[in-house]
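# Chains, contacts and geometry: an overview
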Amino acid sequence: MTSSELRQKYLDFFVSRGHKIIPSASLVPENDPTTLFTSAGMQPMIPYLLGDNHPLGTRLVDSQKCFRTQDIDEVGDSRHNTFFEMLGNWSLGDYFKKEQLTWLYELLTNELQIPVDRLYVSVFEGNDLIPKDEETASIWKSLGIPENHIYFYGVEKNWWSRSGTPDQMPVGEPGGPDSEIFFEFPNVPHNPKYGEHCHPNCDCGRFLEFGNSVFMTYKKTERGFEPLIQRNIDFGGGLERLLAVVNDNPDVFQSDLFTNITAVAASTCGASNGRDIKSDCQIIADHLKAAVFLIADGVRPDNKLQGYFLRRLMRRAMVKMQKMSGKTSDILTDNVYNSVVTAVFETYGSTDYFKNTTVENILAVVLEERDRFGKTLNLGLSKIGQISPFDLYQSYGFPIEVTEEIYQEKGLVLDKESFNKDLKAHQEQSRTASAGMFKSGLVDESVQVVKYHTATHLLHEALRQVLGKDVNQKGSNITSERLRFDFSYPQKVEALVLQKVEDIVNQKIKEALPVKFSVMSPDEARSLGATLLFETKYGDQVKVYQIGDFSVEACTGPHVTNISELGHFKIVKEEAVSAGVRRIKAVLD
Ligand code: SER
């Protein structure tokens, strides 16, 4: 069965039982600042589960786009994806357990012809607050699930809320006991690494959980739980997994939701060198597919929030593609990305997920990120083992998963704790520093202004190299359109000399030097050779920015992390300001 047939069958089944189809919400939750991504079908439904009236009534069905950051590390196996579709049906205070379980059973065994003897279910075993769910177990039994296929588990497995177990839930959040459904692949042998005995929730791959009926009936309060004003059903089933079940293939990557994308990724990367590329292909397909969906929903690569996850996905996929090709230079071509993005569009051709965008729009974002990362990628790779994972992250934009994988391949040991410590210290320093930021002639903190700020440091050092060490900064003014830099020099600077200064700056940009900072005493800064401007402004501690080994300057920042981001530097004007002080205006393009 194809994915579009299955999606349609599911929707039709519930429509014929009185449900209305609702469109998928965006991957970026609207009006919900508590979470970065839509990671379950119920997320956009929370107000209605709590009692608001839904305009389409009390029976709803959909296929919701979801993105789960916590599964990034699992994607290499046969059943985890970062992006997936969750088939959902809801009763908002309408039908309850009996109808839900009966319909689900009917859908699976009649409509989809799944053999009953390979189905297993789990039920909540109860705790001191909420009783054991005997009712659900007896409904399953009456439907035909053998008693030895019904397993009871505690809150870790059979309680569902967006935040996890009952004690992890914030006050006001809805949750409830649930009943999961599993399919057994008898040919997948149990792996004793996961425990002596295999059971539905064992992680060895023999059982695949593909659906979950949540009996959403409780609300967390200050004192414990109270019943919600209505009894709800929240069913969610992974389309990718249900497809694996229907087609009796335990590997979700073998379905049409992936095969075209993985094949295109492998062939355009020229992966013919006989290496085992399956897991790499899966990661590339998963990550680039997720990236396409995130971009379509308005996310852009960034160093924070949703954009950071997008950046991590794209960069990890880029490193894998480069590795898979066995080449270093011509892998990251437009054609590769065009083919993969097109394959993602074709895979979802029967849906309206991309109705508001085009391959070209998505590709433009992907290629921009490729250009940004491409500049530092090879340089970063050549530094592996020589500099710390944190420096690779900070200076060359290497996501930690990327560094981790390269370390593994090379048999190096990565100290994650030390990385996290450095990252935290860096974030704290940035916060402290940001209190005094933007005092140095910057008008705002836009990306372009930050670039101009870094370009000013390069210009300053280039002037000192060409005109002599007596050149000193006398002031600067930066907007998002240009930089203005005043410096001490007794006469006009000739065009040929200016050209030389410009060439030095552009040469350094080409070298893709990283920008780093450290905090130290003014004396230490001087001993490093740092240029200290306007000395009276400095306190006990100064922040010193180093651009490769080219420039050292005390400054509050902010700066780009690698000067390859600056593009091309051009001096547009040189003039006198006052006796002994000259002014240069320059642009980046
Ligand atoms: N909310 C439940 C889940 O995500 C069922 O939809 O598993």
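Analysis parameters
Residues numbered from 1 in each chain as written. Predicted model: local features only at pLDDT ≥ 70, side-chain atom pairs only at ≥ 80, totals over all residues. Heavy atoms only, no water. Helix = DSSP H or I, 4+ residues; strand = E, 2+ residues; numbered from the N terminus. Buried < 20%, exposed > 50% of the residue type's maximum accessible area, 1.4 Å probe, protein only. Contact = heavy atoms within 4.5 Å. Axes fitted to C-alpha atoms, helices over the stretch in contact; angles between N-to-C directions. Parallel < 35°, antiparallel > 145°, perpendicular 65-115°, else oblique. Left-handed = near helix turned anticlockwise from the far one by under 90°. Pairing = 2+ DSSP bridges. pLDDT = per-residue confidence, 0-100.

### Brief notes about the side chain of Glu369
By secondary structure assignment, the location of Glu369 is in helix α11 (residues 359-383). Residue class for Glu369 comes out buried when judged on its relative accessible area of 0%. Non-local contacts of Glu369, meaning those with residues more than four positions away in its chain, are made with Pro301, Arg311, Met314, Arg315, Met318 and Gly374.

### Things to note about the packing of helix α15 (residues 447-467) against helix α16 (residues 495-510)
As a packed pair, α15 and α16 sit with axes 9 Å apart at the nearest point and diverge in direction by 130 degrees. In this view, α15 runs oblique relative to α16, as classed from their interaxial angle. Here α15 and α16 pass one another in a crossing that is right-handed. Residue-level inspection shows Leu458, Leu459, Ala462, Leu463, Gln465, Val466 and Leu467 of α15 in contact with α16, the latter providing Val497, Val501, Ile504, Val505, Lys508 and Ile509.

### What about the pairing of strand β16 (residues 581-588)?
The buried fraction of β16 amounts to six of the eight residues, a majority that puts the element mostly inside the structure. Two strands pair when backbone bridges link them, and strand β11 (residues 483-488) and β16 are joined in this way by six bridges, in the antiparallel orientation. If you follow Ser488 over to β16, its bridge partner there is Val581. As judged from the eight bridges shared by strand β15 (residues 569-578) and β16, these two strands associate in the antiparallel manner. From the neighbouring strand, Ala576 faces β16, where its bridge partner is Arg582.

### Focus: the confidence of the model for the protein chain
For the protein chain, per-residue confidence averages 88 on the pLDDT scale, and residues scoring 70 or more make up 92% of the total. For the stretch residues 431-444, pLDDT sits under 50, and the model shows 26 contacts to residues farther than four places along the chain or on other chains. Considering only residues more than four positions removed or in separate chains, one finds that residues 534-538, a stretch of pLDDT under 50, has six contacts.

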